[in-house]
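# Results of the structural survey
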Amino acid sequence: MEPEFSKAFSDQIRAAAAERRALRIRGGGTKDFYGNEARGELLDTRSCCGVVDYEPTELVITARCGTLLAELHEVLFKQGQFLPFEPPGFGPGATLGGCVAAGLSGPRRASAGALRDFILGARIVDGRGQLLAFGGQVMKNVAGYDVSRLLAGSLGTLGLILEVSLKVLPRPVSEQTLTLELPQAKALESMNRWAGLPLPISASAWRDGELSVRLSGAQSAIRAAAQKLAGETVAAAQAQQFWDGVREQTDAFFAADAPLWRLSLPSNAPVVDLPGAQLVEWGGALRWLKSGADAATVRAAAARAGGHAVLFRANEKPAGAFAPLPPELARLHRELKQTFDPAGILNPGRLYPEF
Amino acid sequence: MGSALPQIDLPQQKKVAQALRAFLPERCVLWQEEDTRPYECDGLTAYRRLPMVVALPETDEQVQRILRTCHALGVPVVPRGAGTGLSGGALPPGDGVLLSLAKFMRVLRIDPLARVAVVQPGVRNAAISDVVAPFGLYYAPDPSSQIACSIGGNVAENSGGVHCLKYGLTVHNVLRVKGYTMQGEAVDFGSEALDAPGYDLLALAIGSEGLLAVTTEVTVKLLPRPEMARVVMASFDNLEKAGDAVAAVIAAGIIPAGLEMMDKPATLAVEQFVHAGYDLEAAAILLCESDGSAAEVEDEIARVKEVFTRAGATRTTVSRDEAERLRFWSGRKAAFPAMGRISPDYYCMDGTVPRKRIGEVLNFIGTMEKKYGLRCPNVFHAGDGNLHPLILFDANDADQLKRTEEFAAEVLLKCIAVGGTITGEHGVGVEKIGQMCMQFGAAELEMFHAVKRVFDPKGLLNPGKGVPTLSRCAEFGRMHVHAGKLRHPDLPRF
């Protein structure tokens with residue numbers, strides 16, 4: 001049976017589509033800063049909340065979009081499990097729907113996988129007000145196109161995400177964080193080399209000449225790896241605070257007025273030669289840059305290095321938050337948007353200005 | 001199953017072959033029956049059809065021109081990798097071009113530091129791991145056909161394998177796919193960074209069964225080879241206990257590198273084939289692999305053994321060395337060919353169910369064996385609930401073939417009923433297209449067709465596979481009755 005709110009959302013979207021009225025889908029609003037500016041009438045998802053199904057031995061949790069991320073963490077924690085992609089919440093109000101729509105992953109991404117890797121299924125309301133279900137609640141499922149993964153990072157432009165099933169995993173038995181004094185180039189080289197060895201590295205972050213590496217897993221494996229890496233061990237509480245700060249961007253690095261760029265690059269791309277401070281994560285594959293450099297310069301540098309740049313936080317984003325797409329991909333994007341939301345009413349312009 | 005061979009339209013064949021010969025050398029275009037016959041089926045041999053023309057391009061540019069030419073002529077194209085697929089995804093078009101990527105065999109680049117390999121789609125799955133082995137790296141997904149199947153086919157099917165519980169499927173291990181749409185437009189999904197701007201078209205392309213684009217280049221992620229691996233082999237005196245033991249491993253917070261089950265009939269069949277030393281008295285055998293450093297493996301193996309013993313295992317054996325580990329796996333990996341030795345034909349299913357329902361579904365299969373009078377051994381990926389029941393039959397006996405089909409259809413319905421799916425890793429292809437009508441409603445199927453139109457407006461790329469038309473669903477007849485109501489009340493019924 002469809003709960004009341006599914007029908008209410010569906011009616012609201014159908015009515016808006018008929019009148020071509022833009023809707024701004026929003027949960028806790030903790031990621032209002034992300035992407036391009038949202039416009040339209042508010043559609044608040046928070047009434048649609050709660051864990052629908054969770055059985056720890058199935059390694060799957062299904063919850064509604066308005067469920068607080070904090071609640072999800074707590075439910076999983078009690079069973080010794082967690083969301084391996086360590087999503088940033090950017091505030092206590094963060095919801096599951098917003099988390100999936102933004103598609104962002106935290107420090108564990110390079111070793112555990114991204115949010116999209118853990119999506120098993122989703123139920124959505126498309127731009128016509130239709131209720132649709134894709135994927136499911138099992139680990140392996142290749143029936144039909146993988147529409148549920150397509151929702152990750154779509155910023156609500158393809159549909160209102162009603163409910164999501166995510167794969168979850170047991171929490172690591174133990175963790176230890178080490179720090180090493182290294183210049184950036186040397187840190188990049190080390191992180192790439194270590195990633196090619198069977199070491200239980202679950203996160204890495206370099207800033208201000210210091211590389212922090214987190215090890216996760218069985219105590220025996222951590223002990224052996226810690227010896228090999230030969231860094232300074234950080235006290236557990238301090239380490240927790242550090243990784244929380246990197247994930248939630250409460251770390252001192254992120255406290256400044258300069259625009260914050262997110263450069264996603266091949267992990268072994270050389271040090272990006274741009275003015276401004278950098279924080280490197282994901283074994284070198286993610287470079288945060290605080291810089292006043294103009295958008296074209298930053299984007300060109302990212303493209304040259306084999307990746308792309310997102311203007312993550314800025315007072316203004318005149319050149320758009322996301323790197324422009326090549327023409328053939330832009331066409332596929334426009335037409336997919338048209339397919340899911342023919343009236344163009346769901347979060348228009350939030351991902352790319354033209355849709 | 002089985003379809004009457006359609007007549008090849010000879011004037012059309014000549015026209016298409018000539019159009020392709022305008023830019024392809026003679027060796028790259030096959031049209032005479034003795035040349036095209038080997039392409040009449042893939043790994044699902046129950047479905048055969050002679051392709052009108054087979055094209056074997058050698059360069060990206062040739063692929064693009066073949067697609068442009070066929071698009072302009074309105075001729076269907078079916079891409080094919082190594083032809084090992086088990087759902088008929090590469091069943092040729094009787095009125096079109098079978099596009100074989102078999103000549104795309106080159107490893108283009110290996111970057112050991114960044115841990116990526118860029119390969120052409122015809123490169124075999126196992127060959128990737130072989131070529132990167134000197135760097136201590138490997139490509140994790142390992143479908144049982146890995147010595148023969150190609151990476152392009154793996155991308156099309158989102159292939160799994162025995163280690164995907166811990167290491168993921170193709171979609172988790174591929175960074176980038178380049179190729180062409182049916183119009184011959186070059187597309188590039190994903191990147192060598194960990195994400196790309198915009199929608200995740202890479203996720204959409206992987207597992208799309210060759211319906212959205214033709215793959216010409218794949219960038220895979222490589223992992224460091226674990227220091228060592230060991231296997232615990234455990235015997236159980238009933239299927240449900242074995243099923244519960246699988247859930248107990250997960251409940252203990254262990255994600256093993258592999259967790260596979262074989263029932264007694266399967267064990268009996270493979271033992272005479274590989275002599276692995278399996279317990280022939282056990283109702284079910286579980287194989288649980290642990291990998292990592294020596295210390296890690298020792299810890300985990302001890303915990304797994306304890307869980308199995310508590311779950312009622314009648315016997316547990318731990319592999320002592322690499323040779324023994326490989327021997328324990330040999331039967332599991334050789335299960336399909338072993339079935340070929342004890343039966344003229346076998347039909348492999350691929351449903352996935354929640355782990356807690358494994359015992360129930362296995363018992364249901366047992367009931368179906370009696371109902372249809374056909375044997376059905378089970379070997380499967382227990383850790384992720386992916387079943388591979390193998391119905392043994394003789395394709396020369398029309399009645400057995402019919403019973404096999406009905407048997408399989410009932411099992412797939414059962415998988416849907418317990419909250420699972422009709423296909424975990426083999427794909428829908430032509431084989432399970434009817435069951436798609438049961439798994440999805442009309443609105444979802446319509447959405448799939450709409451997604452396909454975005455990539456291929458004329459519907460020429462691998463037509464008739466993967467997603468059923470709504471009229472086909474109506475004809476399929478077995479209507480999905482849900483809560484006393486028909487699932488698609490708006491559909492006409494015949």
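Since the structure is predicted, the reported quantities are computational estimates derived from the model, not experimental observations.

## Quick word on the overall build of chain B
Along the backbone of chain B there are 18 helices and 20 strands. Its C-alpha atoms give chain B a radius of gyration of 23 Å, within 12% of the compact-globule value 23 Å for 494 residues. Across its three principal directions, the C-alpha atoms of chain B cover 65 × 60 × 45 Å. Counting every position in chain B, which comprises 494 residues, the buried fraction comes to 57%. At a minimum sequence separation of 6, the contacts of chain B that also span at least 24 residues come to 71%.

## What to know about the overall build of chain A
Secondary structure summary: chain A contains 10 helices and 17 strands in total. A compact globule built from 355 residues would reach a C-alpha radius of gyration of about 20 Å, and chain A, at 21 Å, matches this within 12%. Across its three principal axes, chain A shows a C-alpha extent of roughly 65 × 50 × 35 Å. Split into buried and exposed, the 355 residues of chain A put 54% on the buried side. Here the analysis covers contacts within chain A between residues at least 6 apart in sequence; of these, 67% occur between residues at least 24 apart.

## Brief notes about the pairing of strand S14 (residues 284–292) of chain B
Residue and element names in this part refer to chain B. Across the 9 residues that make up S14, a large majority, 9, are buried. Of the two faces of S14, the one carrying Ala284, Leu286, Cys288, Ser290 and Gly292 and the one carrying Ile285, Leu287, Glu289 and Asp291 are both buried. Bridge count between strand S13 (residues 258–263) and S14: 6 bridges; the pairing is antiparallel. Across the sheet, residue Met261 finds its bridge partner in S14, namely Leu286.

## Remarks on the sheet that holds strand S4 (residues 60–64) of chain A
All names here are of chain A. Sheet architecture is open: 5 strands sit in the order S3-S4-S8-S6-S7, paired in antiparallel fashion. Edge strands, defined here as strands with exactly one partner in the open sheet, are strand S3 (51–55) and strand S7 (131–135). For this sheet, the mean angle separating the axes of adjacent strands, direction not counted, is 10°. Sheet topology note: the strand S6 (residues 119–125)/strand S8 (residues 160–167) ladder contains 6 bridges and is antiparallel. When the sheet's bridge partners are listed, Gly121 is paired in S8 with Ser165.

## Brief notes about the environment of Gly466 of chain B
Residues and elements named next belong to chain B. Mapped onto the elements, Gly466 comes out in the loop between helix H17 (442–455) and helix H18 (470–476). According to the C-beta neighbour criterion, Gly466 is buried, with 28 such atoms within 10 Å. Between the C-alpha atom of Gly466 and that of Cys164, which follows or precedes it by 302 residues, the distance is 23 Å. Not counting the four nearest positions on each side in its chain, Gly466 is found in contact with Glu209, Leu211, Val428 and Gly429.

## Topic: the domain arrangement of chain A
Interfaces are often sized by the amount of accessible area the parts lose when they come together. Residues and elements named next belong to chain A. We note that the domain assignment places domain 1 (4–170) and domain 2 (174–313) within chain A. Computed from C-alpha coordinates alone, the two centres of domain 1 and domain 2 are separated by 27 Å. Listed by partner, the interface residues are 11 residues for domain 1 and 14 residues for domain 2. Across the side of domain 1 that touches domain 2, the residue classes tally to 5 nonpolar, 3 polar and 3 charged.

## Looking at the interface of chain B and chain A
With 73 residues of chain B at the interface, the matching set in chain A holds 64 residues. Breaking the side of chain B that touches chain A down by element, the ones donating at least two residues are strand S9 (186–190), helix H8 (201–205), helix H9 (239–251), helix H11 (294–310), helix H16 (433–439) and H17 of chain B. Element by element, the count of residues in the side of chain B that touches chain A is highest for H17 of chain B, at 8 residues. The residue inventory of the side of chain B that touches chain A, partitioned by class, reads 36 nonpolar, 22 polar and 15 charged.

## Structural notes on the domain arrangement of chain B
Per the domain assignment, the segments of chain B are domain 1 (10–100), domain 2 (109–224), domain 3 (228–336), domain 4 (343–417) and domain 5 (433–486). One C-alpha centre belongs to domain 1 of chain B, the other to domain 4 of chain B; they are set 33 Å apart.

## Considering helix H7 (residues 219–229) of chain A
All buried positions along H7 of chain A are accounted for by Ser220, Ala221, Ile222 and Ala225 of chain A. Following H7 of chain A by one or two positions, Ala230 of chain A has its phi on the positive side, about 55°.

## Considering the pairing of strand S15 (residues 277–281) of chain A
Residue and element names in this part refer to chain A. Note: strand S11 (residues 201–207) against S15, 2 bridges, orientation antiparallel. When the sheet's bridge partners are listed, Ala205 is paired in S15 with Glu281. Bridge analysis of S15 against strand S16 (residues 286–290) gives 5 bridges, and the strand direction is antiparallel. Bridged to Val280 within S16 is Arg287. Hairpin connection, S15 to S16: the antiparallel pair is bridged by 4 residues, and Trp282 has positive phi, about 55°.

## Side note on the sheet that holds strand S12 (residues 228–236) of chain B
Residues and elements named next belong to chain B. What the 5 strands build is an open sheet, ordered S15-S12-S14-S13-S17; its pairing is antiparallel. Looking at the sheet topology across the chains shown, the edges are occupied by strand S15 (315–318) and strand S17 (379–380). With 9 bridges connecting them, S12 and S14 associate as antiparallel partners. Within S14, the position partnered with Met228 by the bridge is Gly292.

## Considerations on the packing of H7 of chain A against H11 of chain B
At a minimum axis distance of 8 Å, the contact between H7 of chain A and H11 of chain B shows a crossing angle of 175°. Put simply, H7 of chain A runs roughly antiparallel to H11 of chain B. Contacts from Ser220, Ala221 and Ala224 of chain A of H7 of chain A reach H11 of chain B at Ala295, Glu296 and Asp299 of chain B. A per-class count over the contact of H7 of chain A with H11 of chain B returns 3 nonpolar, 1 polar and 2 charged.

Calculation rules
Residues numbered from 1 in each chain as written. Chains lettered and ligands numbered in written order. Predicted model: local features only at pLDDT ≥ 70, side-chain atom pairs only at ≥ 80, totals over all residues. Helix = DSSP H or I, 4+ residues; strand = E, 2+ residues; numbered from the N terminus. Rg over C-alpha atoms; globule rule 2.2 N^0.38 Å. Buried ≥ 20, exposed ≤ 12 C-beta atoms within 10 Å, placed from the backbone. Contact = placed C-beta atoms within 7 Å. Pairing = 2+ DSSP bridges. Axes fitted to C-alpha atoms, helices over the stretch in contact; angles between N-to-C directions. Domains from an automatic or database assignment. Nonpolar A, V, L, I, M, F, W, Y, C, P; charged D, E, K, R; others polar. Parallel < 35°, antiparallel > 145°, perpendicular 65-115°, else oblique.

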